[in-house]
Each structure stands twice: as structure tokens, then as C-alpha cells.
Amino acid sequence: MRGLLIKDGYLILKNLSMIYLAAFLMAILPGFRNPSMLLPLLSMLVAVVLGSQVAVTLSWDEKAKWKTMLVSFPLSVFQEVAGKYVLSLILSIISFIAVCLLGGLARRANIIMDQNIILFAGLSFCVCLLYNMIMIPATYLFGSGKSRMVLIIFVGVLPTVAALLLRTLRIDITRISFDRRFLAVMLFSGMIILLTISFFISYMKQKVR
């Protein structure tokens, strides 16, 4: 698995360009005009940029017909699939650390006064991991091109359906109070369940290749 991670790391570094920096600056510039929005923008941007790198490696694997070459390597299907999820976890941790560092620098420079840097760093971690829990099985199932449509469905359609359902049932979530510890446990449990389902789908798809 170490070799798989090194290979994917090389592909990510090879894919990096100044366009990421340009997109990063364009996205956070509004945050300097409205400092209260800087951390939310920063956490989302870092999560999406880092999370999308796994999709980049999957796309390169598809172009290079990596699946065909794996037959001659002493690697199991479990190792191949697990490598992508380990990479996703590593990138999610980097996302958490990056938001902590950038948020800390912004607070030290008196750009923001927000005390919830850890909260937004955790949000960035979750978004990065969730992004890949959707994209990895979607790419294995439908290919790198069509998998983007699956992401659009999850990001665009499902929240809309959820909002309509809450409206139909007349449930006002703003009036529901949650204990922070309970919310953290529920979020962690939900992420573990989704990660297990995502890995199972990816593994079963690759197993029958």
C-alpha cells in the first residue's frame, strides 16, 4: 500500500499548478471584505481542493489503464481500494491542519477575531472526507467522467429534497437544540457508517473487475 500512496502522491504533485492558487485567492478575497465569512470560505475551499485530488489520481489511473496493470502486481483488491481511502484520510487531515494554521495566522494578524477555528477545521476535514466517500465509489462504478454527475446529485438534489421534506412535515430545525457532545457523536457515527458503505461499494465493484 505504501507504493500506491507514493504513486498517488506523485500524480497529485504532477497535477498541481498555479491555477489552484488563483482559484484560492479569488475565493478568499471576499472574506477579507467580510471577515466573518473568511473561515467558512477557507474551510470549504481547502476541503474541496484537497478532496478533489483523489479524483485526479483515479482519473489518471483510468487513462493509464491502471486496472489492467494491477493484474501483474502482487496487490490485492482490498489494498488497491484501501489505498484510495487512506489517501483520502491523509488529505482530510492535511485539510484540518491547513485551516488551523491559516486561521491562526489570520487571527494573529487581526484579520479575524473568530474563536471557532477548530470547529471550521473539523468541518473542512468532514467535507473533504465526505467528498471522497461519494467520488471514489462513483468513479469505480461509472468512470471519472460520469462520476461528476453523481456528485451534483448529492450536492444539489439531495439537500433540496431534504429541505422540501422538512417543509412538508413542518419541522423547523432552527428551534431544535442539540447538545454539542451528542452532535459530535452523531456526526462521527454517521461518518463511520458512510465510510463503511462507501468502501464496501468500491471494494465489491473492483472485486468483480
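Read on for an overview of the structure. (Residues numbered from 1 in each chain as written. Predicted model: local features only at pLDDT ≥ 70, side-chain atom pairs only at ≥ 80, totals over all residues. Heavy atoms only, no water.)

**Description of the overall build of the protein chain**
Note the threshold: Secondary structure elements are taken from DSSP: a helix is a run of H or I of four residues or more, a strand is a run of E of two residues or more, and numbering for both begins at the N terminus. Residue exposure (1.4 Å probe, protein chains only): buried if accessible area is under 20% of the type maximum, exposed if over 50%, otherwise partly exposed. Here a residue-residue contact requires only that any non-hydrogen atoms of the pair lie within 4.5 Å.
A count of helical and extended segments in the protein chain gives 7 helices and 0 strands. Taken over 209 residues, the protein chain has a buried fraction of 34%. For the protein chain, long-range pairs separated by at least 24 residues make up 78% of all intrachain contacts whose partners lie at least 6 apart in sequence.

**A closer look at the nonpolar core**
Put simply, the test is: Only buried residues count toward a nonpolar core, which is a set of Ala, Val, Leu, Ile, Met, Phe, Trp, Tyr and Cys residues joined through side-chain atoms within 4.5 Å.
Counting residues in each nonpolar core, the largest one holds 22 residues, and the members touching the most others are Val54, Val81, Leu91 and Ile136. Where this core is concerned, the elements lending two or more residues are helix 3 (38-63), helix 5 (77-108) and helix 6 (117-168).

**Here we look at the side chain of Ser198**
Mapping Ser198 onto the fold places it in helix 7 (residues 180-207). The residues contacting Ser198, other than those within four sequence positions of it, are Tyr85, Met133 and Pro137.

**Here we look at the environment of Leu11**
Mapping Leu11 onto the fold places it in helix 1 (residues 2-15). The exposure class assigned to Leu11 is buried, which follows from its relative accessible area of 11%. The spacing of Leu11 and Gln53 is 42 residues in sequence and 8.9 Å in space, taken between C-alpha atoms. When near neighbours in sequence (up to four residues on either side) are disregarded, Leu11 contacts Thr57, Trp60 and Asp61.

**Remarks on helix 1**
For the record, the criterion: The span you would expect from a helix comes to 1.5 Å times its residue count less one. Along the arc lie the directions from the helix axis toward the C-beta atoms.
The first and last C-alpha atoms of helix 1 sit 20 Å apart over 14 residues, in line with the 20 Å expected at 1.5 Å per residue. Every buried residue belonging to helix 1 is among Leu4, Lys7, Asp8, Leu11 and Ile12, and all of these are buried. For helix 1, the arc enclosing every buried residue in end-on projection is 135°, short of the 170-degree limit, so these residues lie on one face. Among the exposed residues of helix 1, those pointing more than 90 degrees away from its buried face are Arg2, Ile6, Tyr10, Leu13 and Lys14.

Remember, this is a structural readout, not a statement about activity or role.
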